[in-house]
There are 2 protein chains.
Amino acid sequence: MIHVFDNAFLFNPCTGEWLLTSFSVENGIVAAIGANHSLTGDQITDLGGSRVIPGLIDTHLHIESTFLVPQEFGRVALAHGVTTAIADPHEIANVAGTAGIDFMLQDALCAPNDIFFMLPSCVPATAEDVGGAVLTAADLAKYSDNPRVLGLGEMMNFPGVLADDPEVLTKLSLFSHVDGHAPGLIGTDLCRYAAHGIKTDHECTSAEEAREKLRCGMYILLREGEAARDVDALSSIVDASTVSRCCFCTDDRHVDTLVREGSIDHCIRTAIAAGMPENLALRMATLSAAECFGLTDRGVIAPGRVADFCILADTEIFTIQKVYKNGIPADEIPVSAKQTPYQVPPFSCRFPTQTDLSLPENSIARVIGIIPGELVTENIPARPDADGVQKLLSVDRYHAGGFAIGLVKGFGMQTGAVASSIAHDAHNIIATGKTDEEILTAIRAVADAGGGLAVVTGKEITLLSLPIGGLMTYEPADSLLRGLDTLSAHLKRTGACRQTFGHLSFLSLTVIPHLKLTPRGLFDVDAFETVPLFH
Amino acid sequence: MIHVFDNAFLFNPCTGEWLLTSFSVENGIVAAIGANHSLTGDQITDLGGSRVIPGLIDTHLHIESTFLVPQEFGRVALAHGVTTAIADPHEIANVAGTAGIDFMLQDALCAPNDIFFMLPSCVPATAEDVGGAVLTAADLAKYSDNPRVLGLGEMMNFPGVLADDPEVLTKLSLFSHVDGHAPGLIGTDLCRYAAHGIKTDHECTSAEEAREKLRCGMYILLREGEAARDVDALSSIVDASTVSRCCFCTDDRHVDTLVREGSIDHCIRTAIAAGMPENLALRMATLSAAECFGLTDRGVIAPGRVADFCILADTEIFTIQKVYKNGIPADEIPVSAKQTPYQVPPFSCRFPTQTDLSLPENSIARVIGIIPGELVTENIPARPDADGVQKLLSVDRYHAGGFAIGLVKGFGMQTGAVASSIAHDAHNIIATGKTDEEILTAIRAVADAGGGLAVVTGKEITLLSLPIGGLMTYEPADSLLRGLDTLSAHLKRTGACRQTFGHLSFLSLTVIPHLKLTPRGLFDVDAFETVPLFH
């Protein structure tokens, strides 16, 4: 069956042209392109002169950040024109190792768009992490022949790269494509990092940094993520000379941001608003991305390429109106009935008791100070009963092992408690609250559900269950959004700030200064060592 | 040992910038780039602000056309800035099959530049060829893991592609990179050809044709070959949007053209003369070529890339002054002392006698008419003794088998004979002359030498020996040029046109109209059948 699309005002990123075109599709592949009305087929769709672009490519993201399983993420992203996504299952790998990666690979096969994978290069992120897995080079090597695996994911361990750590070098040697992650790295250190063939970077925050990395031969993935929004600052680096070396990525967008703001379509809108010519933004989002990742079967509507394309709305602001995947309208692709089983042992915690939580009231403690909108925390000397200070718990979910008690300031809670199984990168249970009892209730709720986000006030528990590794849910996006709204409403009643779960999720991350909490205790990132809670 | 190059006014094709730069080289690889004078090392070379560009890449050529073995070709090309060449050993493969390919692979290891290979896809060119080898998909598959083999060479058999010939499809499926060869192919046939993932084309002769192929997602290799010179006509297709999809190639340059005009440096000069901005020509010749062929370790002077670069002369016309390969000046790289043995059986001919050559004088024959400067021939009805008509012989060199006699007009010989073992694509012996005796002497001379070019007048024989498959010599370029000059001087005395050997070499090629001669007899290309010499 040959399906001809006439009257397409088609953007061709190979030439930069917009041309009134006919193209035909057979078995999901573009069979021919030609002058308008020049092709014959079994079915003809007149696109009425609409603007048509190749399907968009998201070059780097962690699907887990959306809370959605790959197939549901794929459904939502596809509606925003993302016909191809390149995912790094770093979060689930920290929780469940190769079983987590296998889950993602398996579930992605049910997605309506094409999801490729980069293998997590840094599990655990540091030796300080009390996580669910250690991924060795040997573990990763097993995936090197998987056609859905394109290479090694973001190499965050740049100290390891610069120190020629043997295990890091072995991982780098496994794949010809290695994504980078080198925030702020410049000068000779950047050169040494890039010299290992690390191909991309998505952590640039200034045009100057991005330009230096471009000169070093790296591709720049301009990120418009959840908190980190770099497209505006970086758009000036994209010109006719550099556009083939620049792409877009969404990194860690949450489901609400994905649904409400969009995905790569939103990156394009942001870039255009920042002054980037539309043709350059479209080249980045299609052909440049395909070239960067060696996806020679896509990125342009041309013979032999997958028939992935988007019809744009006739609006001033760039808007995806309708998406075709393999020549089929996205909204006609049936939702998969298959649910991929997640067969990983449940949470194994040794729960603290109320006795464990008692603290000396008159001593001066090292209190983690939240800075609104920042991942960096402060190290504040304060008494446990000082105004605004509340307990913070990190509970090992993997080994029926340890937990640690800390103190935090800045959430603004007046009552209740919260707990979450999303705590980068090891994703142990992290909890905070006004009373020990509510904190312990929240922790129990999360653990019993096999993961999730909980808000507790008194006996009232609102739980958003995330049964897949404590990170994702099988729920569709719309019901998940309703669940998040319910959770937010309850959270609001505690007086806590809106970004409470966001901040909470980074309070265990031992690579961002200054003071963090893991199940092993309070961690001083600057000294890179565990420190006592009290001075 | 770290070698720092200061004061380089360096062209970076990733950004299109020219910047005063320092860069350092360690073990042949670029270690770092930075602001001028910012790097330290064991040795410092001040480039005095000279313009520096990455090493040039020739994306498609047949080394055999230079008459030089790969290592000597490499030496000459390197002096013209070609640090990387991608060769298709199509000619030697027609003569000697995989033994010929193995010879090229082996000898190329002694070249001072990097020579990669595309496997000949169409040996023999047609079933009409009486050649030395048939290369099946199974033969080619043996090379698929060779790191010097980048893919499948120019797929000339586009009728086979369009007809879904199973053997052709098997060959296409072996490699992810397939070079194309589709002169004049446009419209739906082009779409069907490109849909097989055929990535490049170097046969475009008009900007319109090239633009259509670009739109179909193909890379365009702008060719400035021996006879076919397309850069001037195609330069208008190269702009900021298309430059990353365009490269240069030299295809079939002879040694004298290579030495005297140059290689990719000459393509750049030609492009600039045609109005192409220099930066675009440089991008094509470096990064675009590397990207097209997946050579991620070159194309830009950046950390981790091979330290291949050229210093430009401070002249108005683009001129390579000095070349560095792996950080070493080209003129300091010792010439390899290794001669690669060519172990293929000698010529096996059944030589015609004078009796065989006698023809009825009064009949009207089909005479091959030479058109000066064209590969196409005419089919002229004429008598064997008509003015300017002379005998043409094609002698099977492989099977002690057949020979065929034809007639040709247009060489303008007044006396003597010529013979050659270069006769596309099967490279049997082809000869023509004024007397039977001289013709037979010339054929014998070529066969006895195991191949070459011969001019005979009376008893005087001038032979340029080409002992490697009858196509190449171990001689260095300068002595080969002297030999060619001697041959030309003798040829001049026969009254034959200067391009005699050039025309002769295409008189057996059964894919170019209209009338050709193979050892099987006279071949009418339009009817695609053997025809009798006489009407």
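Please read these numbers as outputs of a predicted model, since none were measured by experiment.

Trainee: What is the right way to look at the pairing of strand β2 (residues 17–26) of chain A in this model?
Mentor: Consecutive side chains along a regular strand alternate between the two faces of the sheet. Residue and element names in this part refer to chain A. The buried count for β2 comes to 7 of 10 residues, which makes it a mostly enclosed element. The antiparallel hairpin formed by strand β1 (residues 2–12) and β2 contains 4 residues in its connecting segment, where Gly16 sits at a positive phi of about 75 degrees. Bridge count between β2 and strand β3 (residues 29–35): 6 bridges; the pairing is antiparallel. Residue pairing in the sheet places Val25 in a bridge with Val30 of β3. Hairpin geometry of β2 and β3 is characterised by an intervening segment of 2 residues between the two adjacent antiparallel strands and by a positive phi of about 50 degrees at Asn27.

Trainee: Just checking my understanding: could you explain the interface of chain A and chain B for this structure?
Mentor: Accessible area lost during the coming together of the parts is what is often quoted as the interface size. Counting from both sides, the interface comprises 36 residues of chain A and, opposite them, 36 residues of chain B. A buried area of about 2600 Å², summed over both sides, lies between chain A and chain B, and 52% of it is on carbon and sulfur atoms. For the pair chain A and chain B, the interface holds 6 salt bridges. Those elements that place two or more of their residues in the side of chain A that touches chain B are β2, β3, α6 (187–194), α7 (207–215) and α11 (278–292) of chain A. Taken together, the residues that form the side of chain A that touches chain B break down as 18 nonpolar, 10 polar and 8 charged.

Trainee: Where do I start with the side chain of Asp6 of chain B in this structure?
Mentor: Position of Asp6 of chain B among the secondary structure elements: in strand β1 (residues 2–12). Despite its burial, Asp6 of chain B pairs with no opposite charge; the closest candidate is Arg215 of chain A, at 15 Å N-O. At a separation of 2.3 Å, a polar atom in the side chain of Asp6 of chain B contacts the side chain of Ser22 of chain B. If we ignore the near neighbours within four places in the chain, the residues touching Asp6 of chain B are Thr21, Ser22, Asn36, His37, Ile44, Thr45, Asp46, Leu47 and Gly48 of chain B.

Trainee: It is not clear to me how the packing of aromatic side chains should be interpreted in this structure. Could you clarify?
Mentor: Residue and element names in this part refer to chain B. By the definition in use, this model includes 20 aromatic pairs over all chains. Relative to Trp18, the ring of Phe11 has its centre 5.1 Å away and its plane inclined at 45 degrees; by these criteria the two rings are tilted. Pair check on accessibility: Phe11 and Trp18 agree, each one buried. For the pair Phe103 and Tyr342, a centre-to-centre distance of 5.6 Å together with 90 degrees between the ring planes defines the contact as edge-to-face. One end of the pair, Phe103, is in helix α2 (residues 90–108); the other, Tyr342, is in the loop between β16 (328–329) and β17 (365–370), and 239 residues separate them in sequence. Using a relative accessible area of 3% as the deciding quantity, one classes Phe103 as buried.

Trainee: Honestly, the sheet that holds strand β27 (residues 529–531) of chain B in this entry has me stumped. Any pointers?
Mentor: Through backbone hydrogen bonds, the strands of a sheet pair up, either in parallel or in antiparallel fashion. Residue and element names in this part refer to chain B. Spatially, 3 strands are ordered β25-β26-β27 in an open sheet, and the strand pairing comes out antiparallel. Each of the sheet's edge strands pairs with one partner strand only, and the pair in question is β25 (515–518) and β27. Between one strand and the next, the sheet's axes are offset by a mean angle of 45 degrees, whatever the strand orientation. Sheet topology note: the strand β26 (residues 521–524)/β27 ladder contains 3 bridges and is antiparallel. From the neighbouring strand, Phe523 faces β27, where its bridge partner is Thr530.

Trainee: Help me out: how do you make sense of helix α10 (residues 264–273) of chain A in this one?
Mentor: Because the α-helix completes a turn every 3.6 residues, residues three or four places apart line up on one side. Residues and elements named next belong to chain A. A large share of α10 lies buried, amounting to 7 of its 10 residues. Along α10, the residues classified as buried are Ile264, Asp265, His266, Cys267, Ile268, Thr270 and Ala271. In the core, the buried residues of α10 are packed alongside β6 (56–61), β7 (82–87), α8 (231–234), β13 (246–249), α11 and β15 (320–325). Looking one or two residues past α10, Gly275 carries a phi angle of roughly 105 degrees, positive in sign.

Trainee: What should I look at first to understand the relation of the copies chain A and chain B in this one?
Mentor: The relation between the two chain copies is a rotation about an axis coupled with a shift along that axis. The two copies are related by a screw motion: chain A maps onto chain B through a turn of 180 degrees and a shift of 0.1 Å along the axis, at an RMSD of 0.1 Å. In the structure described here, the two chain copies are related by an operation that fits a two-fold rotation axis. Across chain A, the rotation axis passes nearest the C-alpha of Ala240 of chain A, at a separation of 2.8 Å. Looking at the interface residues of chain A, 100% of them are also at the interface in chain B, so both copies use one shared face.

Trainee: Please explain the sheet that holds strand β21 (residues 417–420) of chain A as it appears in this structure.
Mentor: Residue and element names in this part refer to chain A. On the basis of which strands lie adjacent, the open sheet formed by 8 strands has the order β18-β17-β20-β19-β22-β21-β23-β24 and mixed pairing. Taken across any chain shown, the strands that pair with only one partner, and hence form the sheet edges, are β18 (377–382) and β24 (460–465). Neighbouring strand axes in the sheet, compared pairwise and without regard to direction, differ in orientation by 25 degrees on average. Note: strand β19 (residues 389–395) against strand β22 (residues 429–433), 5 bridges, orientation antiparallel. Along β22, the bridge assignment pairs Ser394 with Ile430.

Trainee: Can you walk me through unusual backbone geometry in this structure?
Mentor: Leaving glycine out, the prevailing phi sign among residues is negative, and the prevailing peptide bond configuration is trans. Cis geometry is adopted by the peptide bond preceding His514 of chain A, which originates at Pro513 of chain A and carries an omega value of 0 degrees. Backbone geometry at Phe67 of chain A places phi at a positive 70 degrees, although glycine is not the residue there. Residue position: Phe67 of chain A is located in the loop between β6 and α1 (70–79). Unusually for a residue other than glycine, His427 of chain B sits at a positive phi of about 60 degrees. With respect to the element layout, His427 of chain B can be found in the loop between β21 (417–420) and β22 (429–433).

Trainee: What am I meant to see in the environment of Asp139 of chain B here?
Mentor: Residues and elements named next belong to chain B. Along the chain, Asp139 falls in helix α3 (residues 137–141). A residue is classified by how much of its surface remains accessible, and Asp139, at 16% relative accessible area, is buried. Sequence separation of Asp139 and Ala302 is 163 residues, and the distance between their C-alpha atoms is 38 Å.

Trainee: Can you walk me through the pattern of salt bridges in this structure?
Mentor: Charged atoms that come close allow side chains of opposite charge to pair. Residue and element names in this part refer to chain A. If you walk through the whole model with that rule in mind, you get 54 salt bridges over all chains. For Asp251, the salt bridge goes to Arg223, with nearest N and O atoms at 2.7 Å. Here the residue Asp251 occupies a position in the loop between β13 and α9 (255–260), and Arg223 occupies one in strand β12 (residues 219–223), the gap between them amounting to 28 residues. Each of the two residues, Asp251 as well as Arg223, counts as buried. Members of the salt-bridge network, linked through shared partners, are Asp114, Arg148, Asp297, Arg298, Asp308 and Lys325.

Trainee: Is there a simple way to explain the nonpolar core in this structure?
Mentor: One recurring pattern in soluble globular proteins: nonpolar side chains tend to sit buried together. Counting 162 residues, the largest nonpolar core has Ile53, Met155, Leu222 and Phe248 of chain A as the members making the most contacts within it. A total of 9 residues in this core trace back to one element, the largest contributor, which is helix α2 (residues 90–108) of chain A. Listed in part, the 141 residues of the second largest apolar core include Val25 of chain A together with Phe67, Leu407 and Leu507 of chain B.

Trainee: I tried to follow the packing of helix α10 (residues 264–273) of chain B against helix α11 (residues 278–292) of chain B on my own but got confused; where do I start?
Mentor: In a pair of packed helices, the angle between the axes and the distance between the axes together describe the arrangement. All names here are of chain B. Look at α10 against α11: their axes get within 9 Å of each other, and the N-to-C directions meet at 150 degrees. Relative to α11, the element α10 lies roughly antiparallel. Every pair of crossing elements has a handedness; the one defined by α10 and α11 is right-handed. Only Glu278, Ala281, Leu282 and Ala285 of α11 make contact with α10, whose side of the interface consists of Ile264, Ile268, Ala271 and Ile272. For the contact of α10 with α11, a count of residues per class yields 7 nonpolar, no polar and 1 charged.

Trainee: Any chance you could explain the environment of Gly34 of chain B here in plain terms?
Mentor: All names here are of chain B. Relative to the helices and strands, Gly34 is located in strand β3 (residues 29–35). Here Gly34 falls in the partly exposed class, since its relative accessible area comes to 22%. Separated by 28 residues in sequence, Gly34 and Asp6 have C-alpha atoms that sit 9.6 Å apart. Once residues within four sequence positions are removed from consideration, Gly34 is found in contact with Thr21, Ser22 and Leu39.

Trainee: Please explain the pairing of β21 of chain A as it appears in this structure.
Mentor: Residue and element names in this part refer to chain A. Alternating residues of β21 divide into Ala417 and Ala419 and Val418 and Ser420, and every residue in both groups is buried. When β21 meets β22, the two strands line up antiparallel, connected through 4 bridges. Opposite Ala419, over in β22, you have Ala431 as the bridge partner. Here β21 pairs with strand β23 (residues 452–457) via 4 bridges, running antiparallel.

Trainee: What's the story with the side chain of Asp114 of chain B in this structure? I'm lost.
Mentor: All names here are of chain B. Within the secondary structure layout, Asp114 lies in strand β8 (residues 114–119). Its relative accessible area of 12% is what places Asp114 among the buried residues. Of the polar contacts made by the side chain of Asp114, one reaches the side chain of Lys325; its length is 2.9 Å. With near-sequence residues (within four places) excluded, Asp114 lies in contact with Thr83, Thr84, Ala85, Arg148, Arg298, Asp308 and Lys325.

Trainee: I would appreciate a short explanation of the environment of Asn94 of chain B in the present structure.
Mentor: All names here are of chain B. In this fold, Asn94 is placed in helix α2. According to the relative accessible area criterion, Asn94 is buried, its value standing at 1%. Spatially, the C-alpha atom of Asn94 lies 8.9 Å from that of His424, the residues being 330 residues apart in sequence. Contact partners of Asn94, with chain neighbours within four places excluded, come to Cys122, Val123, Pro124, Ala125, Gly131, Gly132, Ala133, Tyr398, Asp425 and Ala426. A polar contact of 2.9 Å, which involves the side chain of Asn94, links it to the backbone oxygen of His90.

Parameters at a glance
Residues numbered from 1 in each chain as written. Chains lettered and ligands numbered in written order. Predicted model: local features only at pLDDT ≥ 70, side-chain atom pairs only at ≥ 80, totals over all residues. Heavy atoms only, no water. Buried < 20%, exposed > 50% of the residue type's maximum accessible area, 1.4 Å probe, protein only. Helix = DSSP H or I, 4+ residues; strand = E, 2+ residues; numbered from the N terminus. Pairing = 2+ DSSP bridges. Contact = heavy atoms within 4.5 Å. Buried area = accessible area lost by both parts, 1.4 Å probe. Salt bridge = Lys/Arg side-chain N within 4 Å of Asp/Glu carboxyl O. Nonpolar A, V, L, I, M, F, W, Y, C, P; charged D, E, K, R; others polar. Lys, Arg positive; Asp, Glu negative; His and termini not counted. Polar contact = N/O pair within 3.5 Å; in protein donor to acceptor, adjacent residues only side chain to side chain. Phe/Tyr/Trp six-rings, centres within 6.5 Å; stacked < 30°, edge-to-face > 60°. Axes fitted to C-alpha atoms, helices over the stretch in contact; angles between N-to-C directions. Least-squares fit on C-alpha atoms with pLDDT ≥ 70 in both. Core = buried A, V, L, I, M, F, W, Y, C linked by side-chain atoms within 4.5 Å. Parallel < 35°, antiparallel > 145°, perpendicular 65-115°, else oblique. Left-handed = near helix turned anticlockwise from the far one by under 90°.

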